[in-house]
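Commentary on secondary and tertiary structure
If you want the building blocks of each chain, they are given just below.
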Amino acid sequence: MSKKNILIVDDEKNIVLSLSDFLEADYNCFRAFSYDEAIEIMIKNPVDVVISDVRMPGKTGFDLIRWLKENRPKVKTIMMTAYGSDSVKRAIRKEGAIFYFEKPIDYNEIKNIIEHIFSPRGFTADLSGMDLIDMLQILGFSGKDCTVNV
């Protein structure tokens, strides 16, 4: 299986470099030091996960999440900040990030979250030729709880 692509975005170069060095044994890491660099990288390369700082000069991590929602909705986002609070945490979750870390960050913890994102769960299938009611009946026969995204 090919390595997954991770984009690390922070205006603090030492964080980007050290985190990417830590993750590069298992993942292809792209480095960006601003919103604009991040967008440029994502336009040219497929990215599976973005790890971004919340506060950056110019456009912020929130701007990046909004761009991802509109342009790369399947990309998962992990946010990090040195200015953590309950309101920041709520705002990050509301914008759609799947996880949030406060700096200083624990690289092993981030790696565990990334591994969880990429771990196989359940199944996926293309049911484009099936009526919704037929699909729901099949799921009902399983006797298990599930979520169906249509």
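This report concerns the structure included in the present document. (Residues numbered from 1 in each chain as written. Predicted model: local features only at pLDDT ≥ 70, side-chain atom pairs only at ≥ 80, totals over all residues. Heavy atoms only, no water.)

The next point concerns helix 3 (residues 61-71). Looking at helix 3, one finds that the buried residues are Gly 61, Phe 62, Leu 64, Ile 65, Trp 67 and Leu 68. Those residues of helix 3 that are buried lie in contact with strand 1 (5-9), helix 2 (35-44), strand 3 (49-53), strand 4 (76-81) and helix 4 (86-95). The backbone nitrogen of Phe 62 lies 3.2 Å from a side-chain oxygen of the residue at the head of helix 3, namely Thr 60. (Buried < 20%, exposed > 50% of the residue type's maximum accessible area, 1.4 Å probe, protein only. Helix = DSSP H or I, 4+ residues; strand = E, 2+ residues; numbered from the N terminus. Contact = heavy atoms within 4.5 Å. Polar contact = N/O pair within 3.5 Å; in protein donor to acceptor, adjacent residues only side chain to side chain.)

Helix 4 packs onto helix 3 with a crossing angle of 15° between their chain directions and a minimal axis gap of 10 Å. On the basis of their axis angle, the class for helix 3 and helix 4 is roughly parallel. Both helix 3 and helix 4 take part in a crossing whose hand is left-handed. Contacts between helix 3 and helix 4 involve Phe 62, Ile 65, Arg 66 and Lys 69 from the former and Ala 91, Ile 92, Lys 94 and Glu 95 from the latter. Class assignment for the residues of the contact of helix 3 with helix 4 results in four nonpolar, no polar and four charged. (Axes fitted to C-alpha atoms, helices over the stretch in contact; angles between N-to-C directions. Parallel < 35°, antiparallel > 145°, perpendicular 65-115°, else oblique. Left-handed = near helix turned anticlockwise from the far one by under 90°. Nonpolar A, V, L, I, M, F, W, Y, C, P; charged D, E, K, R; others polar.)

When you line up the elements, Lys 13 lands in helix 1 (residues 13-23). In this structure, the C-alpha to C-alpha distance between Lys 13 and Ala 32, residues 19 residues apart in sequence, is 8.6 Å.

Before going further, it helps to examine the sheet that holds strand 1. The five strands lie next to each other as 2-1-3-4-5, forming an open sheet whose pairing is parallel. Bordering the open sheet on either side are strand 2 (28-32) and strand 5 (99-102), each of which pairs with just one other strand. Averaged over all pairs of adjacent strands, the angle between strand axes in this sheet comes to 20°, irrespective of strand direction. Examined bridge by bridge, strand 1 and strand 2 share five bridges and lie parallel to one another. Bridging from a neighbouring strand, Val 9 pairs with Ala 32 of strand 2. (Pairing = 2+ DSSP bridges.)

Right, let's talk about unusual backbone geometry for a bit. Negative phi is the rule for most residues except glycine; trans is the rule for most peptide bonds. Of the consecutive residues Lys 103 and Pro 104, the connecting peptide bond is found in the cis state with omega at 0°. On the secondary structure map, Pro 104 appears in the loop between strand 5 and helix 5 (107-118).

Once that is clear, we can look at the packing of aromatic side chains. If you walk through the whole model with that rule in mind, you get three aromatic pairs. Note on Phe 22 and Tyr 107: the rings are 5.6 Å apart at their centroids and 50° apart in plane angle, and the pair reads as tilted. Here Tyr 107 lies in helix 5 and Phe 22 lies in helix 1, a separation of 85 residues in the sequence. With a relative accessible area of 29%, Phe 22 lands in the partly exposed category. Ring geometry for Phe 99 against Phe 101: centres 4.9 Å apart, planes inclined by 45°, an arrangement best described as tilted. (Phe/Tyr/Trp six-rings, centres within 6.5 Å; stacked < 30°, edge-to-face > 60°.)

Most of strand 1 is tucked away, with five of its five residues classed as buried. Where burial is concerned, the two faces of strand 1 agree: the one with Asn 5, Leu 7 and Val 9 and the one with Ile 6 and Ile 8 are both buried. Traced from strand 1 through helix 1 to strand 2, the parallel crossover comes out right-handed. Bridge count for strand 1 against strand 3 is four bridges, and the pairing is parallel. Paired with Ile 8 across the bridge in strand 3 is Ile 51. (Right-handed = clockwise from strand over helix to strand, strands pointing away.)

It is worth stressing that arrangement in space is one thing and function is another; only the former is reported here.
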